[in-house]
Amino acid sequence: MKIKFLLLIFFFFSFVNFNGIKAQAIDTQDSLALVDLYNSTNGPGWINSTNWLTTFPVSSWFGVNVYNGRVDLLLLGSNKLEGVLPTALANLALARVLDFHQNQLTGNVPASMANLTNIGAIDLSDNQLNGTLPAALQNLPSSIFFRVEKNRFTFNGLEYLFTQMSSNQYFLYCNPQADIPINRTNNLISVSAGGTISNNTYKWYRNNTLVATITGDSTYSTGGVPGNYSVEITNSVIQNNPSSGDVNTQLTLFSISTPSMQDSLALVDLYNSTNGQNWVNNTNWLTTAPLSTWYGVTVRRGKVTMLNLPFNKLAGVIPLSAGNLTGLTDLVLPNNLLTGSLPASFINLFSLSNLNLSYNGLSGSIPDSIGSRTQLKNLDLSNNQLSGNIPTTLFNVFRTVSINLANNQFSGTVPPELADIKNLDKLFLHRNQLSGTIPGALGRLTTLTELMLDNNQLTGSIPDSLGGLINLALLSMASNQLTGKIPDSLGKLSHLRDLILYDNQLSGTIPSSLLNLHNLYDLHIGTNKFNFDGMETLPAVQYSLIYSPQANLPLHRNGNLFSVSAGGTLTNDSFRLYKDGVLSTLKIADSTFEINSPGRYYITVSNSIATKLILLSDSYAVAGLQLVDSVASVIQSINGTVPINIEAGPYHKLLLTVTPTQGANALNGDVDCKVTIDPVVASYNNQPYVQRHYDISPAINAASAAANVKLYFTQQEFNNFNAFPAHGLDLPTSSSDAAGIANLRVYQYHGFSTTSLPGSYTGAAIEIDPSDANIVWNAAAQYWEVSFDVTGFSGFFVSSQNSALLPLTLLSFTGKLQGSNGLLQWVTSGETHTSHFEIQRSTDGNNFKTITIINAAGNSTGSISYQYTDLIRNEPLYYYRLKMNDIDNRYTYSKTIKLTNIANSLVFTLSPNPTSEFVLIKMPPVTKIANIKLIDMSGRMVQKFLVQASITQIKLNLKGLTAGSYKIVFDDGTNIIVKTLIID
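Residues numbered from 1 in each chain as written. Predicted model: local features only at pLDDT ≥ 70, side-chain atom pairs only at ≥ 80, totals over all residues. Heavy atoms only, no water.

(A) Molecular detail of the overall build of the protein chain. On a plain count of helices and strands, the protein chain comes out with seven helices and 70 strands. Relative to the 2.2 N^0.38 estimate, which gives 30 Å for 984 residues, the radius of gyration of the protein chain is 50 Å and therefore markedly larger than a compact globule would have. By its C-alpha atoms, the protein chain is 155 × 65 × 50 Å across when sized along the principal axes. Relative to its 984 residues, the protein chain shows a buried fraction of 50%. As displayed, the protein chain offers around 42400 Å² of accessible surface, 51% of which is attributable to carbon and sulfur atoms. (Helix = DSSP H or I, 4+ residues; strand = E, 2+ residues; numbered from the N terminus. Rg over C-alpha atoms; globule rule 2.2 N^0.38 Å. Buried < 20%, exposed > 50% of the residue type's maximum accessible area, 1.4 Å probe, protein only. Areas by Shrake-Rupley, 256 points an atom, 1.4 Å probe, with all protein chains shown as cover.)

(B) Structural context of the pattern of salt bridges. Following the criterion strictly, the structure yields 17 salt bridges and no others. A salt bridge links Asp 179 to Arg 300; the shortest N-O distance between them is 3.0 Å. Linking Asp 179 in the loop between strand 8 (171-173) and strand 9 (183-185) with Arg 300 in strand 16 (residues 297-300), this pair joins segments that are 121 residues apart in sequence. The class for Asp 179 is buried, based on a relative accessible area of 16%. The structure contains a network of salt bridges with shared partners spanning Asp 27, Asp 30 and Arg 70. (Salt bridge = Lys/Arg side-chain N within 4 Å of Asp/Glu carboxyl O.)

(C) Region of interest: empty space enclosed by the protein. Under the defined criterion, the tally for this structure stands at one cavity of 30 Å³ or more. No other element matches helix 4 (residues 261-273), which puts three residues into the lining of the largest cavity. Its residues assigned to classes, the lining of the largest cavity comprises 12 nonpolar, no polar and no charged. (1 Å grid on protein atoms, 1.4 Å probe; cavity = no way out; pocket = protein on both sides within 12 Å on 5 of 7 lines; lining within 4 Å. Points joined across faces, edges and corners; volume = space filled by probe spheres on them. Nonpolar A, V, L, I, M, F, W, Y, C, P; charged D, E, K, R; others polar.)

(D) Fine view of the sheet that holds strand 25 (residues 402-404). What the 12 strands build is an open sheet, ordered 16-17-19-21-23-25-27-29-31-32-33-34; its pairing is mixed. Only two strands of the sheet have a single neighbouring strand rather than two, namely strand 16 and strand 34 (544-546). On average, adjacent strands in this sheet sit at an angle of 10° to one another, irrespective of strand direction. Running at roughly 25° to strand 17 (residues 303-308), helix 4 makes contact with strand 16 and strand 17 of the sheet. (Pairing = 2+ DSSP bridges. Axes fitted to C-alpha atoms, helices over the stretch in contact; angles between N-to-C directions. Contact = heavy atoms within 4.5 Å.)

(E) Spatial organisation of the sheet that holds strand 64 (residues 909-911). Strand order in the open sheet formed by three strands is 64-65-68, and the pairing between neighbours is antiparallel. Strand pairing shows two members of the sheet lacking a second neighbour, strand 64 and strand 68 (953-957), which therefore form its edges. Strand-to-strand twist in this sheet, taken as the mean axis angle between neighbours without regard to direction, amounts to 20°. Here strand 65 (residues 918-922) pairs with strand 68 via five bridges, running antiparallel. Considered in strand 68, the bridge of Ile 921 is made with Ile 954.

(F) Looking closely at the nonpolar core. In this structure, Trp 285, Leu 357, Met 477 and Leu 655 are the most contacted members of the largest nonpolar core, which totals 140 residues. The residues contacting Met 477, other than those within four sequence positions of it, are Ile 438, Leu 451, Leu 453, Asp 454, Ile 462, Leu 466, Leu 482, Ile 500, Leu 501 and Asn 504. (Core = buried A, V, L, I, M, F, W, Y, C linked by side-chain atoms within 4.5 Å.)

(G) Structural context of the packing of aromatic side chains. Following the criterion strictly, the structure yields 26 aromatic pairs and no others. Arranged with centres 5.1 Å apart and planes meeting at 40°, the rings of Trp 52 and Trp 61 form a pair that is tilted. For the pair Trp 52 and Trp 61, a shared accessibility class is recorded, and that class is buried. Plain terms: the ring middles of Phe 793 and Phe 796 are 6.3 Å apart, the flat faces sit at 65° to each other, and that makes the pair edge-to-face. The buried category is assigned to Phe 793, whose relative accessible area is 4%. Given a relative accessible area of 1%, Phe 796 falls into the buried group. Joined through ring pairs, the aromatic side chains of Tyr 694, Phe 713, Phe 718, Trp 777 and Trp 784 make up one cluster. (Phe/Tyr/Trp six-rings, centres within 6.5 Å; stacked < 30°, edge-to-face > 60°.)

(H) Focus on the pairing of strand 66 (residues 930-936). Among the seven residues of strand 66, six are classified as buried, and the element is accordingly described as predominantly covered. As paired strands, strand 66 and strand 67 (residues 941-947) are joined by six bridges and run antiparallel to one another. Along strand 67, the bridge assignment pairs Lys 933 with Lys 944. Of the strand pairs in this sheet, strand 66 and strand 69 (residues 964-971) are connected by six bridges, and their pairing is antiparallel.

(I) Region of interest: helix 2 (residues 28-40). The terminal C-alpha atoms of helix 2 lie 18 Å apart, and with 13 residues this matches the ideal 18 Å at 1.5 Å per residue to within 8%. Those residues of helix 2 that fall on the buried side of the exposure criterion are Asp 30, Ser 31, Ala 33, Leu 34, Leu 37 and Tyr 38. Viewed end-on, helix 2 has its buried residues packed into an arc of 160°, placing them on one side of the element. Relative to its buried face, helix 2 has exposed residues pointing more than 90 degrees away, namely Thr 28, Leu 32 and Asn 39. Those residues of helix 2 that are buried lie in contact with strand 1 (64-67) and strand 2 (70-75). The residue sitting at the N-terminus of helix 2 and contributing the capping side-chain oxygen is Asp 27; that oxygen lies 2.9 Å from the backbone nitrogen of Gln 29. Looking one or two residues past helix 2, Asn 42 carries a phi angle of roughly 60°, positive in sign. (Expected span 1.5 Å × (residues − 1). Arc of directions from axis to C-beta. Polar contact = N/O pair within 3.5 Å; in protein donor to acceptor, adjacent residues only side chain to side chain.)

(J) View of the pairing of strand 61 (residues 877-886). The buried fraction of strand 61 is high, at 10 of 10 residues. With burial as the criterion, each face of strand 61 is covered, one bearing Leu 877, Tyr 879, Arg 881, Lys 883 and Asn 885 and the other bearing Tyr 878, Tyr 880, Leu 882, Met 884 and Asp 886. Of the strand pairs in this sheet, strand 61 and strand 63 (residues 897-900) are connected by four bridges, and their pairing is antiparallel. Paired with Tyr 879 across the bridge in strand 63 is Lys 898.

(K) Broad picture of unusual backbone geometry. Here the amide bond leading from Ser 548 into Pro 549 is cis, since omega sits at 0°, within 30 degrees of zero. Examined against the element boundaries, Pro 549 turns out to sit in the loop between strand 34 and strand 35 (556-558). For the bond from Ser 911 to Pro 912, the omega torsion is -10°, close enough to zero to count as cis. In this structure, Pro 912 sits in the loop between strand 64 and strand 65. With phi around 60°, Lys 80 is a residue other than glycine that occupies positive phi space. Relative to the helices and strands, Lys 80 resides in the loop between strand 2 and strand 3 (82-83).

Structural data, given as structure tokens:
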């Protein structure tokens, strides 16, 4: 009932208007009453008397609350008030709570307190008050909480008050009171218990054995028989208040008795072994005063029955002699500094009913001997450092109400034998190191109201059988490793108030049965693996609901598609794709996203109903797009000059990348792109080619469309080629294999084919030698990227250098300047049916024109040398290549060589180069308007400037441009000059 009183105090505080704390005038009678209280109870000696009897507002005096100019609450418990209560307290007419518990007040309860007609609670417990309780107290308001227990009252005055309880229904708590002395005259012993003697019943004990029960007579004759005599007195009128149902309202008076020498010595041992001289309160300990007056000691019939010393700074170990207190029913020593282990001598505490050693520093294991106690009802060993397994013998002892072993270091499993305890009300095993699964047998504990297993290492699922805990109000299993779903059966727990399951690995749909729990106030299921399944109905429930955060959702990747499964109603879900921490795409009711570039990706999901939760997916680093892994064909519409990834199938796997070049012949319109992956390495004319090969067929201008093409290959495909017999030179075996990179060739077959096999195309074949710098191993994506410019489209195959499609070998192709001429020379060997060589020239390295034709020898076994002299004009750079043709109209190209026209190159200069902020262009004086273009490597024009006549230099601002290689193109209508610019 102390809890009820504290709840009442809280109730009063909840409705107090604390505006009263502001300085305000207070009623004079209230002020005088407070002054009387201070003076009559040794105010200067109080523990806290802040602002009392000063000029500060009364509302600032310690323990005083003022409302509307009157004292509303007076809270001075545990404040060392000494002396008597003044009658002037009756002047606090509007006070609702007076709390003077646990002080050192003496004397009577003033009858004037009956005038407190607005009072709701008076607490005078745990003092030294005595005398007769005034009959006028019957005039106090009904339903008042009035506490006078733990004083020195007898039955005087109580009889009358208890006769009024049936009508006034107030709560008067008077049990227990201090023990009363036994008077001895020769062989006659007696006690003064007060009240009407005919209503009193006296039970006399000798050496703890009942020897007589006498009603209406307080005297007993010992007959000269020696022994330790004691008496218990009850009153037939002072019985339980029928409205309270609380046994603490019944008063039994006990006499002072002399305990056994064994008990006395055990208490002395306890005092000495726990630093008794430094206890907070050691009143009368180790003095000649009766043991029953020693602080915290209760003696009944010559036996110590209770040791109640909480928060008293007991420091040390519990002595073995504590087991000699065989009459002990309550051992209550919480919140002290006890260390060491639990004494095995506790086996002798046969009468022990309540053992509370919580909040100490006890260590070691629980002795099995405790299992022999047959009376123990409450066990609290929480908040110590106890370890080992929880002994199964422990559960032989209980006709129990509560077990609290929380916040220790117990290991092992939760004993299923717990289920055999009858009448168990509370089971607290939280904050230990318990492992294993939760025993399903616990579902048999039908009397259980609170079960706490949180903060352990429990695994497995929540047993469905826990739905049988029909009286359960609190279920806490947070911070374990539980998996599976929340059982539907928990929806049967109609008394459940708190369901705490956070910080586990629970998943599945939140059971709709939880909606049936009308008493549920607190539901905490955050930090699990739930999604929105079943969660959309929860926000409508009227309780404290915490369901965020949850574990990351798995991010599923299929090819180049990302998706998540977030549960709930799809139309209520919003999905956001982030790339490198920046929002990329928002979708509603669609959880699938296509990725088209490297980066780190993740997805968040919100729900329009379950708004307190944002689900986050795992992040996924994409180094490169996934390649198709089987035959795939796609028709792609191309427009513009930006790079386009060609993707296939429902998962958007990558085939190839094309970047149309600028100009009239730029690749555009519908393009049929096909990848074929042969099951094994195949060959044509005894020359193998890589299993992955491509067909690119534009619907428009197929023969002359121009673009940069990037093809993709796996290292395994190159390895398979290298393992083919008589394959010739190796393709690259690793990113550092420069020779293998130099060996790689692309063979393009023009025209059309129905089989996509070499030799089956209707047009000519050419060899393409990509720049070694454009044969790149993408280490992150784990594939090769081969890029090259191409004019005209059809089939593309990769093989090594000696797989030339023409029956000749080009041993060398060189060029040099001789005056104003360019001398081109080349050497061949092994010509067979070679027709002729076309010499092609370009001033920009991209657009080539045939300038002459040189007939070939046709057939030869040795080497043959050729040369041609070209007239150099005004351009600073010239590029040359050979187009080598056979008599079957097949052809291939040589590598491209570059000649620099020194005389003209000095006329058009870039400075500085490389650069980052600007470049100064110097040029010959123009005679008419010209233009200068800045082109990036993809062929996109970045800047364009008109140059007026007579201008010889111009400055370009380069700030904001991406680092890389660019082309500067000068065009005056007669001359075109191209320079390379590096921006760093």
